[in-house]
Amino acid sequence: MPDSVNTDVQSRSATRYRFREYHVATVTDPLALPGHEAVCVTGEEHNCGAESGTLHTPDELTRWIAEHCARTGHQHYEQTVRTLLRTEPGAWQ
Ligand SMILES: [Zn+2]
């Protein structure tokens, strides 16, 4: 049936130019560790700038801050918590 083959080819090539909608979902994979980072922003003219690097638990971050504070007396930190997100394919629009 040549008619149905043509229709199939046409709809497939049209699909390539459509945008696919994505839903953003939070990763539930336990292996996907969030990243905790802190930067010391203590300082008047410029920040201290000491960085904890990526740590995987808030406790490790607290320990880094406590150690840095004990060593330097610095009290102001900027914290970044990084979480991984995964997109899930939605319906064709
Ligand atoms: Zn500092």
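Residues numbered from 1 in each chain as written. Predicted model: local features only at pLDDT ≥ 70, side-chain atom pairs only at ≥ 80, totals over all residues.

Caption draft 1: Representation of the confidence of the model for the chain. Across the chain, pLDDT averages 77, with 56% of residues at or above 70. The spread of mean pLDDT over the elements of the chain runs between helix α1 (residues 2–15), the lowest at 52, and helix α2 (residues 58–72), the highest at 96. (pLDDT = per-residue confidence, 0-100. Helix = DSSP H or I, 4+ residues; strand = E, 2+ residues; numbered from the N terminus.)

Caption draft 2: Quick look at the pairing of strand β2 (residues 35–40). Of the two faces of β2, the one holding His36, Ala38 and Cys40 is buried and the one holding Gly35, Glu37 and Val39 is not buried anywhere. Two elements, β2 and strand β3 (residues 77–82), share six bridges in a ladder whose sense is antiparallel. From the neighbouring strand, Gly35 faces β3, where its bridge partner is Arg82. (Buried ≥ 20, exposed ≤ 12 C-beta atoms within 10 Å, placed from the backbone. Pairing = 2+ DSSP bridges.)

Caption draft 3: Structural context of the nonpolar core. With five residues, the main nonpolar core is built from Ala38, Cys40, Leu61, Trp64 and Tyr77. Looking at this core, the elements with two or more residues in it are β2 and α2. Those residues in contact with Ala38, other than ones at most four positions away along the chain, are Ser52, Leu61, Trp64, Ile65, Tyr77, Glu78 and Gln79. (Core = buried A, V, L, I, M, F, W, Y, C linked by C-beta atoms within 7 Å. Contact = placed C-beta atoms within 7 Å.)

Caption draft 4: Inspection of the environment of Pro58 at higher detail. Positionally, Pro58 belongs in helix α2. You can call Pro58 exposed: it has 12 C-beta atoms within 10 Å. Note: C-alpha distance between Pro58 and Pro34 (24 residues apart in sequence) is 9.8 Å.

Caption draft 5: Layout of the environment of His68. Among the structural elements, His68 can be located in helix α2. The exposure class of His68 is buried, given the 20 C-beta atoms found within 10 Å. In this structure the C-alpha to C-alpha distance between His68 and Ala50, which are 18 residues apart in sequence, comes to 8.5 Å. Setting aside residues up to four positions removed in sequence, His68 forms contacts with Cys40, Ala50 and His74.

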